[in-house]
Amino acid sequence: MSSSVENISKSIKLNMSKRIRRTPFTNRVEELGVSDFTVVNHMLLPKGFKNTIYEDYWHLAEHVQLWDVSCQRQVQISGPDALKLVQKLTPRPLQKMETGKCFYIPILDENAGMINDPVLLKLDDDMFWISIADSDILLWAKGIALGSNLNVRIEEPDVYPLAVQGPKSEELLCSVFGEEIRKIKFFNYRVLDFHGTKQIIARSGYSKQDGFEIYFKGFEKYFDGIEMGEKLWDTIWEAGKKFNISPGCPNLIDRIEGGLMSYGNDFTKDNNPFECNLDKYCNGNSNHEYIGKEALTQIINNGVKKRMRGIIFDGDPIVATGKPLPVLNEDDKKIGEITSGIYSPRIKKNVGLSIILKDYWNDGQKVLVDTLDEKKRNGTVTSLPFPK
Ligand code: THG
């Protein structure tokens, strides 16, 4: 992207309205100096604060950060046919899923195209939360339930996830919620008390550091004249001071290095789950029915033609671009495009995520990256996550 276009898109402000929903933590985020927002699931997501993305990256790897990820909306499915419906939505087998577990699940359309990659929480035998990425799964689930005559209730509860991420997150949350925090295993949750409210706290999050997500519920309540959400934020913030806490948000560098993909950007409904390396969540041995099964079987039979890979490439540090960067072979033929890219201060090279055609997807493959500045940079394909 030319720098003038970059500058214009940087200077355009969001015109706030009720359609762009605030969260219980937005006041605090603004008080702490948020610099940018994006919108996910019709809700504000902070994109940066006072520090650079590089400073935030090192800080996240060493300390602890508080992220307002309320835009990870919950689609609550309850009732006698809840499991039946959720199982219809995903190729990942759920029959053995226990209450207290979180599962990363692909959701497919009838062509086996990805329409979301949420985290599923089992709250009870007849109650699930689907913690969605950026697409309207509530409407999809309602349509399926209506069309299949399933006895379920589908709603978006007033739940606002707050992420505490980084290596000091366990110590910090122990000081607020007690020692039980240590017993929460990766992709499991426990229900813990906060001033008489019950909070679901999972060991999970959109970073490759240790971390937790508090599925905050009770925004309508007050404690000591302060809204409960702000009370929760303030309590963690105060306790976090001795752990060098800072406000944050999903960090692009950490996310790319960790191979965490972003729906709508790195993949869409035009991609099947194998192209996104989600094979292990599409158990071929399970014989349950789900939307997209026939198409997915066809894809297995025909073979997968491209896959998500990491690209390491040379040259000056690139700024995060709003446009994909073409990836080319030695004959200038396009073999992919980098949809998320940034300079990694740890690898000391530029890094990016790109779906790459089969002939070129092997580790070590040499490629060219067109950085849209009349330069082409030498690059190498690597498996994900990026090597440590
Ligand atoms: N947390 C919650 N909801 C979310 C996200 C989240 N919804 C939107 C978005 N993020 C969904 N996408 C992802 C992508 C990757 C992971 C979680 C959500 C993730 N994956 C583990 C990994 O790649 O290491 C694997 C987990 C597993 O093996 O089961 O953490 O971040 N609440």
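Regarding its fold elements, the chain presents nine helices and 23 strands. Taken against the 2.2 N^0.38 rule, which gives 21 Å for 388 residues, the C-alpha radius of gyration of the chain at 21 Å falls within 12% of a compact globule. On the principal axes, the C-alpha backbone points of the chain span a range of 65 × 50 × 40 Å. Taking all 388 residues of the chain together, 54% fall into the buried category. Summarising the internal contacts of the chain: among those between residues at least 6 apart in sequence, 66% fall at separations of at least 24. If you average the places of the 51 positive and of the 53 negative side-chain charges in the chain, the two averages end up 2 Å apart.

Our focus in this paragraph is the nonpolar core. With 51 residues, the main nonpolar core has Ile77, Leu85, Leu120, Ile130 and Ile154 as its most contacted residues. Among the nonpolar cores identified, the runner-up in size contains 39 residues, and Val34, Phe37, Leu45 and Trp237 belong to it.

Along helix H3 (residues 53–62), the residues classified as buried are Asp56, Tyr57, His59 and Leu60. Buried residues along H3 sit against strand S3 (65–68), strand S11 (159–165), strand S17 (246–248) and helix H8 (252–257).

As a further point, take the environment of Glu62. Mapped onto the elements, Glu62 comes out in helix H3. With 238 residues separating them along the chain, Glu62 and Ile300 place their C-alpha atoms 42 Å apart. Beyond its immediate chain neighbours, meaning those up to four positions away, Glu62 contacts Pro167 and Lys168.

Bringing the sheet that holds strand S8 (residues 119–124) into the picture now. An order of S5-S8-S9-S4-S10 is seen for the five strands of this open sheet, with the pairing classed as antiparallel. At either end of the open sheet lies a strand with only one pairing partner, and these are strand S5 (102–104) and strand S10 (153–155). In this sheet, adjacent strand axes meet at a mean angle of 20° when their direction is disregarded. Both S5 and S8 contribute to a ladder of three bridges, which runs antiparallel.

Right, let's talk about the packing of helix H4 (residues 82–89) against helix H5 (residues 137–147) for a bit. Remark: H4 packs on H5, axes separated minimally by 11 Å, with the N-to-C direction vectors making an angle of 115°. Regarding H4 and H5, the two cross each other, and that crossing is right-handed. In this structure, H4 contributes Leu85, Lys88 and Leu89 to the contact, and H5 contributes Trp140, Ala141, Ile144 and Ala145. Its residues assigned to classes, the contact of H4 with H5 comprises six nonpolar, no polar and one charged.

Around the ligand there are 15 residues in total, and Ser131, Lys208, Glu213, Tyr215 and Tyr281 lie nearest to it. Separating a nitrogen atom of the ligand from a backbone N or O atom of Ile132 is a distance of 3.4 Å. Contacts to the ligand include Lys208, whose side-chain N or O atom sits 2.7 Å from an oxygen atom. For the ligand, whose free accessible area comes to 650 Å², the fraction covered by protein is 85%. Looking at the shell around the ligand residue by residue, the class counts come to nine nonpolar, three polar and three charged.

Rules of the game
- Residues numbered from 1 in each chain as written.
- Predicted model: local features only at pLDDT ≥ 70, side-chain atom pairs only at ≥ 80, totals over all residues.
- Heavy atoms only, no water.
- Helix = DSSP H or I, 4+ residues; strand = E, 2+ residues; numbered from the N terminus.
- Rg over C-alpha atoms; globule rule 2.2 N^0.38 Å.
- Buried < 20%, exposed > 50% of the residue type's maximum accessible area, 1.4 Å probe, protein only.
- Contact = heavy atoms within 4.5 Å.
- Lys, Arg positive; Asp, Glu negative; His and termini not counted.
- Charge placed at Lys NZ, Arg CZ, Asp CG, Glu CD.
- Core = buried A, V, L, I, M, F, W, Y, C linked by side-chain atoms within 4.5 Å.
- Pairing = 2+ DSSP bridges.
- Axes fitted to C-alpha atoms, helices over the stretch in contact; angles between N-to-C directions.
- Left-handed = near helix turned anticlockwise from the far one by under 90°.
- Nonpolar A, V, L, I, M, F, W, Y, C, P; charged D, E, K, R; others polar.
- Near = heavy atom within 4 Å.
- Polar contact = N/O pair within 3.5 Å; in protein donor to acceptor, adjacent residues only side chain to side chain.
- Areas by Shrake-Rupley, 256 points an atom, 1.4 Å probe, with all protein chains shown as cover.

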